[in-house]
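# Structural description and commentary
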Amino acid sequence: MLSDIEKVLVSEDELREINARLGKQITEDFKDKKLLVLGILKGCVFFMTDLVRNINLPLSIDFMAVSSYGSGTESTGRVKIIKDIDIDLSGYDVLIVEDILDSGRTLKYVSDILKTRGAISIKIATLLDKPERRVAPITPDYVGCDVPDEFVVGYGLDYNQEYRNLPYIGQLKRSVYE
């Protein structure tokens, strides 16, 4: 599995620093608000777990499973909700937590749906951002770091359901997925 990684893009230490930085900023921005942290499964799990540990506020959590990839490496453009939230958003300020913001189609779709459900506000935190790949008009409020336009895995991100358990973000060798 390690032989499939071209190079490490974000180390374990850098991930800790990102979570501490974002957690501190989110704590400041959401003080005195009723915060719901909404994770987009499955990729967000590691990031969201570490992020909420760095948010020094009362909060609730929920999850959605949404996909536009299937088993490929490119978004199909068709977004499908696999698991919806279980909570009424009325009165909540929602922080959507995503592993990577690429085309933006999925997060735009989710944001648009949530806006109709009574949330006071909706903000987006993404661990990784690929702004040059954006096709949907969406901008994250909190960004861990930008990554190059390469296929990345680890720390929750996968290729065909593999590599999620790597403790860092790595660039997958093209020979693995081409």
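None of the values given here were measured: they were computed from a predicted structure. (Residues numbered from 1 in each chain as written. Predicted model: local features only at pLDDT ≥ 70, side-chain atom pairs only at ≥ 80, totals over all residues. Heavy atoms only, no water.)

## Description of the overall build of the protein
Rules: We count a stretch as a helix when DSSP gives it H or I for four or more residues in a row; a strand needs E for two or more, and each element gets its number in order from the N terminus. Just to be clear, the radius of gyration here is over C-alpha atoms, and the globule rule we use is 2.2 Å times residues to the power 0.38.
In terms of regular secondary structure, the protein is built from 4 helices and 9 strands. In sequence order, the protein lays out its α and β elements as β-α-β-α-β-β-β-α-β-β-β-β-α. Here the C-alpha atoms of the protein give a radius of gyration of 16 Å, agreeing with the 16 Å that 2.2 N^0.38 yields for 178 residues. For the protein, the C-alpha atoms occupy an extent of roughly 50 × 35 × 25 Å along the three principal directions.

## Observations regarding the side chain of S111
Selection criterion: Think of it in three bands: residues with accessible area under 20% of the maximum for their type are buried, residues over 50% are exposed, and the middle band is partly exposed, with areas taken using a 1.4 Å probe on protein chains only. Should any heavy atoms of two residues lie within 4.5 Å, those residues are counted as being in contact.
Tracing the backbone through its elements, the reader meets S111 in helix α3 (residues 105-115). For S111, a relative accessible area of 6% puts it in the buried group. Among all residues touching S111, those that are not within four sequence positions of it are I96, I122, I124 and I138.

## Describing the packing of helix α1 (residues 12-29) against helix α2 (residues 45-53)
Definition in use: The axes are straight lines fitted to the C-alpha atoms, using for helices just the contacting stretch, and the angles between their N-to-C directions are given from 0 to 180°. Every angle not falling under 35 degrees, over 145, or within 65 to 115 is termed oblique; those three ranges are roughly parallel, roughly antiparallel and roughly perpendicular. Crossing handedness is read from the near helix: turned anticlockwise from the far helix by less than a right angle, it gives a left-handed crossing, and turned clockwise, a right-handed one. Amino acids are sorted into nonpolar (Ala, Val, Leu, Ile, Met, Phe, Trp, Tyr, Cys and Pro), charged (Asp, Glu, Lys and Arg) and polar (every other residue, Gly among them).
Contact geometry of α1 with α2 gives a least axis separation of 8 Å together with a crossing angle of 55°. Compared by their axis directions, α1 and α2 come out oblique. The handedness of the crossing between α1 and α2 comes out as right-handed. From α1, N19, L22, G23 and I26 reach across to α2, where they touch F47, D50 and L51. Of the residues contributing to the contact of α1 with α2, the split by class is 4 nonpolar, 2 polar and 1 charged.

## Considerations on the pattern of salt bridges
Selection rule: Salt bridges are identified by distance alone: a Lys or Arg side-chain nitrogen within 4 Å of an Asp or Glu carboxyl oxygen.
What the rule picks out here adds up to 12 salt bridges. Note that R53 and D50 form a salt bridge whose closest N and O atoms lie 3.2 Å from each other. Here R53 and its partner D50 are both found in helix α2, 3 residues apart, which amounts to about one turn of the helix. A relative accessible area of 25% means that D50 is categorised as partly exposed.

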